[in-house]
Amino acid sequence: MKPTPLHPRNRHRGHYDFPALVRASPALAKFVRDNGYGEASVDFTRPEAVKALNRALLALWYGIAHWDIPTGYLSPPIPGRADYVHGLADLLAADHDGVVPRGPGITVLDVGVGANVIYPLIGHGEYGWRFVGSDVDPVALDAARAIVATNGLADAIELRRQTHRAHTLKNLVVAGDRFDLTLCNPPFHSSQKEAVAGNQRKWRNLEQKTRVLNFGGQPGELWYPGGELAFIRNLVSESASMPQQVLWFSTLVSRSEHLRDVQYALKNAGAAAVQTTTMAQGQKQSRFVAWSFLDSDARKAWRQ
């Protein structure tokens, strides 16, 4: 088994263990097929197959007995999401004598938690961290609350509604809040038209006839006026207004050509430290950028 270039602690390195996954979630069985090379797989062009695989992965590896999302909402690939969480854990370890801090003493804000609650489920399952998840979509939050409640995670995962669509952190982070990390998977496209066109190009390149958003996604999950870069610039600007309340802010940056503009925005915002971490899953590459307004000594003293 040749491992994929995922984080060393990522549980999803190598091939999926479909027999174990089906045992954990029998509903997955009807989606498992031979991929033409004598290996088990699922049809990743089918949203229901992707959802069933995610449900099985969460059950097998993170102890999530009940997980469901409304039709059309984002059902993201779990291995890549787990890599982001593990990368952030390494970031905390760097200021913690090289040891990843675990337990509910670590509080993480997930900006745009979505209906799937993927990051809190992984982060709590792997490290025992406590999460606050925010979203502008009340339907997504209702679905997220159902997942949290049916899995008995109310003490570990709090959900908040961001009532101002133009904001990311303002009106959400309140006086007294203190977060060790923030994470975010920003909307990739600038409009619905761009999102659909990008999806169709993907399937043309793969010579597929089925043109659907196989991982799903609602407007707030897939597009934002000005696209990914505009969203991140807004996030950086708002982070500068609360420099002492968060140890490390972070966001995924899907497009490498945006990195220079993001770093320029962080310099202008006065960030004391900026780190870019590259991630890869198969042929796909991504990265996250993390920044802090605290210097090295202040970050090491944060836990004290």
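Values in this document were obtained by computation on a predicted structure and should not be read as measured data.

*Asks:* Looking at this model, I keep getting lost on empty space enclosed by the protein. Mind explaining?
*Replies:* All chains considered together, the criterion is met by one cavity of 30 Å³ or more. Taken as a whole, the largest cavity encloses approximately 50 Å³ of empty space. In terms of lining, the largest cavity is formed by Leu92, Asp95, His96, Pro101, Leu247, Arg299 and Arg303. Looking at the lining of the largest cavity residue by residue, the class counts come to three nonpolar, one polar and three charged.

*Asks:* Explanation requested: the packing of aromatic side chains in the structure shown.
*Replies:* Any two aromatic rings considered together are summarised by their centre-to-centre distance and by the angle between their planes. Under the criterion given, the structure shown has six aromatic pairs. Ring centres of Tyr84 and Phe288 lie 5.0 Å apart, and the angle between their planes is 35°; on these two criteria the pair is classed as tilted. Taken together, the positions of Tyr84 in helix 3 (residues 78–94) and Phe288 in strand 9 (residues 284–292) put the pair 204 residues apart, joining distant regions of the chain. Owing to a relative accessible area of 0%, Tyr84 belongs among the buried residues under this scheme. On the basis of an interplanar angle of 20° and a centroid distance of 4.8 Å, the ring pair of Tyr127 and Trp129 is categorised as stacked. Judged by its relative accessible area of 3%, Tyr127 is buried.

*Asks:* I would appreciate a short explanation of helix 3 in the present structure.
*Replies:* A turn of α-helix holds 3.6 residues, and therefore any two residues three or four places apart point the same way. Over its 17 residues, helix 3 runs 25 Å from end to end, which matches the ideal 24 Å to within 8%, given 1.5 Å per residue. Burial analysis of helix 3 places 14 of its 17 residues in the buried class, which makes it a mostly covered element.

Calculation criteria
- Residues numbered from 1 in each chain as written.
- Predicted model: local features only at pLDDT ≥ 70, side-chain atom pairs only at ≥ 80, totals over all residues.
- Heavy atoms only, no water.
- 1 Å grid on protein atoms, 1.4 Å probe; cavity = no way out; pocket = protein on both sides within 12 Å on 5 of 7 lines; lining within 4 Å.
- Points joined across faces, edges and corners; volume = space filled by probe spheres on them.
- Nonpolar A, V, L, I, M, F, W, Y, C, P; charged D, E, K, R; others polar.
- Phe/Tyr/Trp six-rings, centres within 6.5 Å; stacked < 30°, edge-to-face > 60°.
- Helix = DSSP H or I, 4+ residues; strand = E, 2+ residues; numbered from the N terminus.
- Buried < 20%, exposed > 50% of the residue type's maximum accessible area, 1.4 Å probe, protein only.
- Expected span 1.5 Å × (residues − 1).

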